[in-house]
Amino acid sequence: MKIAVGSDHRGFQTKERLKNQLVNQGHDVSDCGAESEASSDYPDFTLPVCNDANVLCLPADLLSEELIRRMVDVWLTTPFEGGRHARRIAKVMAAERYLCGPQGQDAPKKSKKAKT
């Protein structure tokens, strides 16, 4: 499974351990940042990580490493139930297309019209 992970500076060490867990389980992991424990802002990493609303947010400093490992295992093995969630995911995907373009690329810049 392709999985994107991201964190701010406070979650950096937890993200690094989680990446190892996921890779060892055979997942294709993409690290969207942060790249160190240097101060950073979590909103910088949220959009690249979000996909189909399958997002798990964990407080790195409030949960043990074992509890995080177990929570991630349950999250990854729980099947998508569809139903009312499908409508909500469609809304998230529409927002992604609006913000990032159809292929997750940056939205095209609007050109300024020259004054005549």
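That block above? That's the structure.
Everything numeric in this text was worked out from a predicted model, so none of it was measured.

Caption draft 1: Just the pairing of strand S2 (residues 28-31), in detail. Note that strand S1 (residues 2-5) and S2 share four bridges and pair parallel. Each residue of the ladder has a partner; that of Ile-3, found in S2, is Val-29. For the crossover that starts at S1, traverses helix H1 (residues 12-24) and ends in the parallel S2, the hand is right-handed.

Caption draft 2: Just the nonpolar core, in detail. One finds Ile-3, Val-5, Leu-18, Leu-22, Ile-68, Val-72 and Leu-76 forming the largest nonpolar core, which totals seven residues. Those elements giving two or more residues to this core turn out to be S1, H1 and helix H3 (65-77). Broken down by element, this core gets its largest block of residues, three residues, from H3. Other than its neighbours up to four places away in sequence, Leu-76 contacts Met-1, Ile-3, Leu-22, Gln-25 and His-27.

Thresholds applied
- Residues numbered from 1 in each chain as written.
- Predicted model: local features only at pLDDT ≥ 70, side-chain atom pairs only at ≥ 80, totals over all residues.
- Heavy atoms only, no water.
- Pairing = 2+ DSSP bridges.
- Helix = DSSP H or I, 4+ residues; strand = E, 2+ residues; numbered from the N terminus.
- Right-handed = clockwise from strand over helix to strand, strands pointing away.
- Core = buried A, V, L, I, M, F, W, Y, C linked by side-chain atoms within 4.5 Å.
- Buried < 20%, exposed > 50% of the residue type's maximum accessible area, 1.4 Å probe, protein only.
- Contact = heavy atoms within 4.5 Å.

Honestly, that's just the spatial picture; any functional story needs more than this.
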